[in-house]
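Below are the chains, spelled out letter by letter.
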Amino acid sequence: MLKFKFDNFIAFIQNKTIKILTHDLVDIDGLASCVTLKYFLTQYFKEQEISIYFSEFAKSTKQYIRNLTKKFPEFDFSFSKSFKASGTDVILIVDTNNLNQIELNNNLDLSNLGIPLIFIDHHYLGEKLEKTKLNASNLIFENYSSTAEIILNLFEYYKIPLTVPLKILIIAAIITDSGFFKHGNNRTIQNVSKLIGEDINIQDIFFLLKNEIDISEKIAKIKGMQRVKMIREGDFLIGISKVSSYGASVAMKLINLGFDVAIVLSKEENQYRINTRAKKAVCINTGLHLGKILEEISEKYKGNGGGHDGAASLTSNIESDTIITQIIEKIKHYL
Ligand SMILES: [Mn+2]
């Protein structure tokens, strides 16, 4: 099945000029997936033109690139900061299932370019793809902890050897996207185990991932904890808070503090963002899927929402209290 999908994908993009794109505020999985995919395709096709376009990196990704470049000064991180549609035959959209998460320098609408889009991703998909012309060559596997593992499978199936920095990139993507294995499954660990050998020390990877936390993030976390409201539903605790930024890290902190589900509102320039998190065990035991809930709600309010069972977000222009009340109601159905 996997082999069939991969062969289909390879056949579709053969002899085409390929652009690789990912979501804005590129995280380590986005970075690793694009860079390793480009390497794979360059090795496999030899003579095809393949390039990566990145918009803005997340802070932690920038730090990680600096660390990795110090260790491997020769490593090729080349990418383009300006996206040109002309001459492109196919666009590979990596670690993203929503075109709205892609920031193009010239405000192009990807769905109207007449260029085929192929999604390579591990996020919950919902019905979104139907609107963007479902392509049989998509590689979407929701049960993977990271997109980088899908790319790793490509290397394995077509027997292309990985270099040490590429292995390190994939391991780092798996570790960060699985929340240091917390959201992972057996395959997550098996994949890391396959990649680790005498040439790679896991402690070196942890060291590369070390990230100085900014004072503004620390303040957001502390304020988020001060403002939290608690709702008890049976034996479950839901925490609701508000911060001006770092909503995702604040939601994570609430879970670490002991909440089963966390909902954090932050107001961005001209819209609201709601970040939600839930404990993995709660999702498994109750069937709670925050990504599905936020997608449903976002459709009703013309917002953008989705994600995983235990981590999802929503952006919208609508008054947020109404939306939060509805999210809580829907969550309570499961608890
Ligand atoms: Mn990812």
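Parameters at a glance
Residues numbered from 1 in each chain as written. Predicted model: local features only at pLDDT ≥ 70, side-chain atom pairs only at ≥ 80, totals over all residues. Heavy atoms only, no water. Pairing = 2+ DSSP bridges. Helix = DSSP H or I, 4+ residues; strand = E, 2+ residues; numbered from the N terminus. Axes fitted to C-alpha atoms, helices over the stretch in contact; angles between N-to-C directions. Buried < 20%, exposed > 50% of the residue type's maximum accessible area, 1.4 Å probe, protein only. Polar contact = N/O pair within 3.5 Å; in protein donor to acceptor, adjacent residues only side chain to side chain. Donors = N, O, S within 2.8 Å, 3.2 Å for Na, K, Ca; no water. Expected span 1.5 Å × (residues − 1). 1 Å grid on protein atoms, 1.4 Å probe; cavity = no way out; pocket = protein on both sides within 12 Å on 5 of 7 lines; lining within 4 Å. Points joined across faces, edges and corners; volume = space filled by probe spheres on them. Nonpolar A, V, L, I, M, F, W, Y, C, P; charged D, E, K, R; others polar.

Caption draft 1: View of the sheet that holds strand E10 (residues 304–307). Taking strand neighbours across the sheet as the criterion, the six strands line up as E6-E7-E8-E9-E11-E10 in an open arrangement whose pairing is mixed. Sheet topology places strand E6 (229–233) and E10 at the edges, where each strand pairs with a single neighbour. Each strand of the sheet is rotated relative to its neighbour by a mean of 15 degrees, with strand direction disregarded.

Caption draft 2: Geometry of the side chain of Ser 316. Within the secondary structure, Ser 316 is located in strand E11 (residues 311–316). You can call Ser 316 buried: its relative accessible area is 3%. Reaching out from Ser 316, the side chain makes a polar contact with the backbone nitrogen of Ile 318 at a distance of 2.9 Å.

Caption draft 3: View of the coordination of the manganese ion. Here the manganese ion is held by Asp 29 (OD), Asp 95 (OD), His 122 (NE2) and Asp 177 (OD), and the distances to it run 2.1 to 2.4 Å. In the primary sequence, the donor residues of the manganese ion line up as D-x65-D-x26-H-x54-D. Here Asp 29, found in helix H2 (residues 28–45), pairs with Asp 95, found in the loop between strand E3 (90–94) and strand E4 (117–121); they are 66 residues apart in sequence, far enough to count as distant.

Caption draft 4: Examining unusual backbone geometry more closely. One non-glycine residue with positive phi stands out, namely Asp 95, at about 60 degrees. In this model, Lys 159 sits at a positive phi of 50 degrees, which is unusual for a non-glycine residue. Here Lys 159 lies in the loop between helix H5 (147–157) and helix H6 (164–177).

Caption draft 5: Examining H6 more closely. Helix length check: H6 (14 residues) gives 20 Å between terminal C-alpha atoms against 20 Å at 1.5 Å per residue, within 8%. Extensive coverage of H6 is indicated by the burial of 11 of its 14 residues. Among the residues of H6, Pro 165, Leu 166, Lys 167, Ile 168, Leu 169, Ile 170, Ile 171, Ala 172, Ala 173, Ile 174 and Ile 175 are the ones counted as buried. Directly after H6, the chain includes Gly 179, whose backbone phi takes a positive value near 60 degrees.

Caption draft 6: Local environment of the layout of surface pockets. Considered as a void within the structure, the second largest pocket measures approximately 210 Å³ in volume. Along the wall of the second largest pocket there are 14 residues; nearest its centre are Val 35, Lys 38, Tyr 39, Thr 42 and Asp 76. For the lining of the second largest pocket, the elements supplying multiple residues, two or more each, are H2 and strand E2 (50–53). Top contributing element to the lining of the second largest pocket by residue count: H2, with five residues. Each residue belonging to the lining of the second largest pocket can be placed in one class, and the counts come to seven nonpolar, five polar and two charged.

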